[in-house]
There are 4 protein chains.
Amino acid sequence: MNRAPHEADEDVRTVDLNADAGESFGPWRMGDDAALFPYLTSVNVACGFHAGDPATMRHTVRLALEHGVAVGAHPGYPDLPGFGRRELTMDARDLHAAVVYQIGALHAFVRAEGARLHHVKAHGALHHRSAVDDAVADAVARAVADAGGGAPLVVLGGPAGARMRAAAERAGVPVVPEAFPDRAYLADGRLTPRSLDGAWIGDPDRVAARAVRMVRDGRIEAWDEGETAVEARTLCVHGDHDGAPAVARAVRDAAEAAGFRVATYR
Amino acid sequence: MNRAPHEADEDVRTVDLNADAGESFGPWRMGDDAALFPYLTSVNVACGFHAGDPATMRHTVRLALEHGVAVGAHPGYPDLPGFGRRELTMDARDLHAAVVYQIGALHAFVRAEGARLHHVKAHGALHHRSAVDDAVADAVARAVADAGGGAPLVVLGGPAGARMRAAAERAGVPVVPEAFPDRAYLADGRLTPRSLDGAWIGDPDRVAARAVRMVRDGRIEAWDEGETAVEARTLCVHGDHDGAPAVARAVRDAAEAAGFRVATYR
Amino acid sequence: MNRAPHEADEDVRTVDLNADAGESFGPWRMGDDAALFPYLTSVNVACGFHAGDPATMRHTVRLALEHGVAVGAHPGYPDLPGFGRRELTMDARDLHAAVVYQIGALHAFVRAEGARLHHVKAHGALHHRSAVDDAVADAVARAVADAGGGAPLVVLGGPAGARMRAAAERAGVPVVPEAFPDRAYLADGRLTPRSLDGAWIGDPDRVAARAVRMVRDGRIEAWDEGETAVEARTLCVHGDHDGAPAVARAVRDAAEAAGFRVATYR
Amino acid sequence: MNRAPHEADEDVRTVDLNADAGESFGPWRMGDDAALFPYLTSVNVACGFHAGDPATMRHTVRLALEHGVAVGAHPGYPDLPGFGRRELTMDARDLHAAVVYQIGALHAFVRAEGARLHHVKAHGALHHRSAVDDAVADAVARAVADAGGGAPLVVLGGPAGARMRAAAERAGVPVVPEAFPDRAYLADGRLTPRSLDGAWIGDPDRVAARAVRMVRDGRIEAWDEGETAVEARTLCVHGDHDGAPAVARAVRDAAEAAGFRVATYR
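Residues numbered from 1 in each chain as written. Chains lettered and ligands numbered in written order. Predicted model: local features only at pLDDT ≥ 70, side-chain atom pairs only at ≥ 80, totals over all residues. Heavy atoms only, no water.

1. Let's talk about the overall build of chain A
Of regular secondary structure, chain A possesses 9 helices and 10 strands. Whereas a compact globule of 266 residues would reach a radius of gyration of roughly 18 Å, chain A reaches 17 Å, a difference of no more than 12%. Expressed along its principal axes, the backbone C-alpha trace of chain A runs to roughly 40 × 40 × 35 Å. Within chain A, contacts between residues at least 6 apart in sequence are counted, and of these 75% link residues at least 24 apart. Total accessible area on chain A is roughly 9,500 Å²; 48% of this is exposed by carbon and sulfur atoms. Of the side-chain charges in chain A, 29 are positive and 37 negative, and the distance between the mean point of each set is 2 Å. (Helix = DSSP H or I, 4+ residues; strand = E, 2+ residues; numbered from the N terminus. Rg over C-alpha atoms; globule rule 2.2 N^0.38 Å. Contact = heavy atoms within 4.5 Å. Areas by Shrake-Rupley, 256 points an atom, 1.4 Å probe, with all protein chains shown as cover. Lys, Arg positive; Asp, Glu negative; His and termini not counted. Charge placed at Lys NZ, Arg CZ, Asp CG, Glu CD.)

Set out below in structure tokens:
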């Protein structure tokens, strides 16, 4: 069975706190990684296809390691102007190659610092597609198997992540379930689409309370009705807004106050 | 001293035969790798910045390994429309990152096949600049040190390669000297610019005779006057024309007839 | 009503013969425009987003005008590696701007030669989407209204082109119905997807016979069953294969033998 | 003679105030055009090669016209990650086509709003190269002649602009001399390279005082020694920093206090 060994080996009351990082491109800045990293335990670094560029990747990897933050690859569709948030009907074989390429490029910067690749997480529309399309999920999972050096794939922690989990199992790749305390969930476990009101939650205290509920109870109230199950070995907060450090700090403080150790996996 | 250990360890009468490969991009074809590879012992695979794309890279790596051809990375400037033949005044730190990125991406496809990266060779204007600009040469050499996994840097085999050799030595990277039997040389050891008549030689017999002269005598007649010294642990033939397989075969046959074993290094 | 005035003004027994052109990119060649243009009366020139580059566009415009071939713009999705054949979920407002941009760029080369833009035709997945998605069709049609200088939009000539026609009417843009004698049709008027056997027809005589049937009878046998209606003010042949000139010549000869004048519209 | 007719026709005590605009790209923001435009009389809009994208171009054109600001095209080298500030050794014919392409694309958005293209100004390294390389200057000037619809080329107003002026004259394109009050000048009339201390001046009052000196006296103190001549039919202030609106307002107020009318040309 494909359950990640590190999940079983660790105290269940440990939780990782991650954010996307390295999303600047050329002369354009996005996010404030230096302000955010003190609160995180892992980051998902853009690999140049939807954001990031080689110098930004090198800088982000070094900055993360200086803060003791574990570095994962964050591959996306080849679509800079759309920030990887637009769906692109790539052939599954082209997609596998595109993900191997991105993981390999990020991996080189990680190795150059004497570190190891911590995880892989698909970005934006690629993440979304891999939750609903087996061919996409398999392309991503096989790429992680081929280029990840044993690193796990981060998947939606709940019923909506079933296809990603199954693809990872077929590829022999361990998984890490993730929850998004600053995103609303639908009752079926999917994230509420960004186009709907209330899909994103900015208030630090509210995000922190949701984070605690997720890791402690494995459930969260749904945007539409009732509750939905979430499994959270790692919690993701969004870094591309000015309030990101405050949110990350609030989540971290609340998790610790609730008795969790905030640390990464593996 | 930085002399590559494998040079000393091997029979001096062995020579490698290489060509650039994987230069297609998306729907556009360039070269006929499948027809050329039977005559080669190593290839320089484009990494997506001046040519190539992820699926082409994966295909080219597999094709090379099926033919027993060793796979090297061929990073270039980020300039698809110019095929990496235009100079771009990149900051040395940006350039280092761009080369690490490309080597890492290619390396992932090589590792996925259970092979190892054989060498790194700079492409086009990046190769040219690294022969004349220490900052560029250092950026390339340090990137090979950081991402090459011990693979050597291919350098101009002769006086024009002195800066590349020195940079490799500073970076602790072994070098492999290369000669171009299908390119004319100037008396100072530089390649004759492509814009000049006779800079490129297409006749297979003539290229083969020059190849033998290079590996046997370590010298070649110069385009302008006299002769110039060349050191050739590997011979490069150009693959981007219809006659490429005939040239490669002629070079291979002539080298063997002259008593050389055609095989790769390491 | 939005019927193009030029359609009514001309002899119905005139037919235009078009092909895509200017599909090279940087160092990569595609098609043989110089061999094909003698048989054509109009061309659809790639605008740099899915194929083509500025120098190729200038060259193609000049070559067309030298052959007396009318020049149209052929905008596509921003996707060079996918050749514009992959669907991309662009926001309709972004798409409008992308099409205005491409038409404007091509238009500049046409104006620089003292000519006028003849038509606009969407490429690949953009053409396909505009046949089935009103928001896409409207974005394209409004872009033609904004940047086409009065040029008509080429639409699928038959029932499958209904949405494109309606969008053009909303935008106040004239239309030109087109048929594809080298592509199989489904009974509902759509083109048979390229992934199915027999979707593309390469034999010149067979393509020519289909072309005559299309322009003379306004009908063609369907790939699946029965026949489908086609309206053909212009006939498109594909230029991206070696047999393209022979096909174009066969279509032209057959149309003339059937009593049609092969000439462009307007 | 090539002196722009509109220069002679107008009161010499009128001065235009311009800035680069539309420099966002995809999800990345740069500058605050809406805050800056109230103080400007013309803008140079990025055309997608070094910055900008189609939707940003459309938005920027509309925003400018709403503020009564004249719209010019700002073509650059095809180099998004380098923001067009890196030199690229493009063939002159490729460069001509690249500039026609960019002007044409921007022109389409201007025409769609019922306006006319006001001017063309080369960006970054392209601007710099056109001041020192006749082939580059000719490529740019001929592109303006081909695609500018009569719009003038903005050139360095002083001795360093001589080659740009001469190229414009050869191409039959009118020129508009420009000065940079927030940039230091060398005694030979060139801008002080950005890498040197004091090359850029951020204090609004100091920039304003320099602007007045430039337009009133036609001279400015040089960074290295003495003074240099400047001719300023338009003054450029940089928009890519937070203090830009304050600088633009200070320049505008100071010019008006010195008796100049701040208005555009033509």
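We are not done yet, so read on.
2. Digging into the pairing of strand β1 (residues 14-21) of chain A
Residue and element names in this part refer to chain A. Counting buried positions over the 8 residues of β1 gives 8, a clear majority of the element. With burial as the criterion, each face of β1 is covered, one bearing Thr14, Asp16, Asn18 and Asp20 and the other bearing Val15, Leu17, Ala19 and Ala21. Sheet topology places β1 next to strand β10 (residues 261-262); 2 bridges connect them, and they run parallel. For valine 15, the partnering residue across the bridge sits in β10 and is valine 262. (Buried < 20%, exposed > 50% of the residue type's maximum accessible area, 1.4 Å probe, protein only. Pairing = 2+ DSSP bridges.)

3. A closer look at the relation of the copies chain C and chain B
By a simple turn and slide, chain C fits onto chain B: the slide is 0.0 Å along the axis, the RMSD is 0.0 Å, and the turn is 180 degrees. Such a combination of rotation and displacement between the chain copies is what one expects of a two-fold axis. Considering only C-alpha atoms, the residue of chain C closest to the rotation axis is C:Trp28, which sits at 2.9 Å. (Least-squares fit on C-alpha atoms with pLDDT ≥ 70 in both.)

4. Overview of the interface of chain C and chain B
Taken residue by residue, the interface counts 13 residues in chain C and 13 residues in chain B. Between chain C and chain B, the buried area comes to about 960 Å², and carbon and sulfur atoms account for 80% of it. Remark: the boundary between chain C and chain B carries 0 salt bridges. Where chain C meets chain B, there are 2 residue pairs in polar contact (both at pLDDT 80 or more). Residues belonging to the side of chain C that touches chain B are distributed by class as follows: 8 nonpolar, 3 polar and 2 charged. (Buried area = accessible area lost by both parts, 1.4 Å probe. Salt bridge = Lys/Arg side-chain N within 4 Å of Asp/Glu carboxyl O. Polar contact = N/O pair within 3.5 Å; in protein donor to acceptor, adjacent residues only side chain to side chain. Nonpolar A, V, L, I, M, F, W, Y, C, P; charged D, E, K, R; others polar.)

5. Here we look at the packing of helix α8 (residues 204-217) of chain A against helix α9 (residues 244-257) of chain A
Working note: a packed helix pair is described by the angle between its axes plus the distance between those axes. Residues and elements named next belong to chain A. Relative to each other, α8 and α9 sit at 40 degrees, their axes nearing to 8 Å. Classified by the interaxial angle, the pair formed by α8 and α9 is oblique. Considering only the axes of α8 and α9, their crossing is right-handed. Together, Pro204, Val207, Ala208, Ala211 and Val212 of α8 and Ala246, Val247, Ala250, Val251, Ala254 and Ala255 of α9 make up the contact between the two elements. Its residues assigned to classes, the contact of α8 with α9 shows 11 nonpolar, no polar and no charged. (Axes fitted to C-alpha atoms, helices over the stretch in contact; angles between N-to-C directions. Parallel < 35°, antiparallel > 145°, perpendicular 65-115°, else oblique. Left-handed = near helix turned anticlockwise from the far one by under 90°.)

6. A word on helix α5 (residues 124-132) of chain A
Within α5(A), the full set of buried residues consists of A:Ala125, A:Leu126, A:His127, A:Ser130 and A:Ala131. Those residues of α5(A) that are buried lie in contact with α4 (92-112), α6 (134-147), β5 (153-156) and α7 (162-171) of chain A.

7. Observations concerning the interface of chain A and chain B
If you look at the interface, chain A gives 22 residues, while chain B gives 22 residues. When chain A packs against chain B, the two sides together hide about 1,800 Å² of surface, and 64% of this comes from carbon and sulfur. Per-residue buried area on chain A facing chain B is highest for A:Pro54, A:Arg58 and A:Tyr101; these three make up 33% of the total on that side. At the surface where chain A touches chain B, the tally comes to 6 residue pairs in polar contact (both at pLDDT 80 or more). Of all the secondary structure elements, the ones that give two or more residues to the side of chain A that touches chain B are α3 (54-66), α4 and α6 of chain A. For the side of chain A that touches chain B, the leading source of residues is α4(A), giving 13 residues. Partitioned by chemical class, the residues of the side of chain A that touches chain B number 14 nonpolar, 3 polar and 5 charged.

8. Comments concerning the relation of the copies chain A and chain B
Of the two same-sequence chains, chain A is brought onto chain B (RMSD 0.0 Å, axial shift 0.0 Å) by a rotation of 180 degrees. A shared binding surface is used by both copies, with 100% of the interface residues of chain A retained as interface residues in chain B.

9. Things to note about helix α7 (residues 162-171) of chain D
Each turn of an α-helix holds 3.6 residues, which means side chains three or four residues apart point in the same direction. Residue and element names in this part refer to chain D. What α7 keeps buried is the set Met164, Ala167 and Ala168. The buried residues of α7 occupy one face: seen down the axis, they fall within an arc of 100 degrees. Of the surrounding secondary structure, the elements contacted by the buried residues of α7 are α5 (124-132), α6 (134-147), β5 (153-156) and β6 (175-179). Glycine 172 sits one or two residues past α7 and shows a positive phi near 75 degrees. (Arc of directions from axis to C-beta.)

10. Let's talk about the pattern of salt bridges
Pairs can form between side chains of opposite charge once their charged atoms are near each other. For the structure on display, the rule yields 64 salt bridges over all chains. With a shortest N-O distance of 3.4 Å, D:Glu87 and D:Arg129 are connected by a salt bridge. Placement of the pair is D:Glu87 in the loop between β3 (70-74) and α4 (92-112) and D:Arg129 in helix α5, with a sequence separation of 42 residues. Judged by relative accessible area, which is 24%, D:Arg129 ranks as partly exposed. Overlapping salt bridges, with partners in common, bring together A:Arg213, A:Arg216, A:Asp217, A:Arg219 and A:Glu227 in one network.

11. So, the environment of B:Pro78
Residues and elements named next belong to chain B. Mapped onto the elements of the fold, proline 78 is located in the loop between β3 (70-74) and α4 (92-112). Separated by 21 residues in sequence, proline 78 and valine 99 place their C-alpha atoms 9.9 Å apart. The contact partners of proline 78, leaving out residues within four places of it in the chain, are Phe49, Leu88 and Met90.

12. Comments concerning unusual backbone geometry
What is expected of a backbone is that most residues other than glycine have negative phi and most peptide bonds are trans. Here A:Phe83, not a glycine, exhibits a phi torsion of approximately 55 degrees, which is positive. Within the fold, A:Phe83 resides in the loop between β3 (70-74) and α4. Judged by relative accessible area, which is 4%, A:Phe83 ranks as buried. Phi is positive for D:Arg266, which is not a glycine, with a value near 70 degrees. Within the secondary structure, D:Arg266 sits in the segment after β10 (261-262). For D:Arg266, a relative accessible area of 32% translates into the label partly exposed.

13. Comments concerning the packing of helix α3 (residues 54-66) of chain C against α4(D)
Viewed as axis vectors pointing N to C, α3(C) and α4(D) meet at an angle of 90 degrees, and their least axial separation amounts to 7 Å. Relative to α4(D), α3(C) is oriented roughly perpendicular. In this structure, α3(C) contributes C:Pro54, C:Ala55, C:Met57 and C:Arg58 to the contact, and α4(D) contributes D:Arg93, D:Asp94, D:His96, D:Ala97, D:Ala98 and D:Tyr101.

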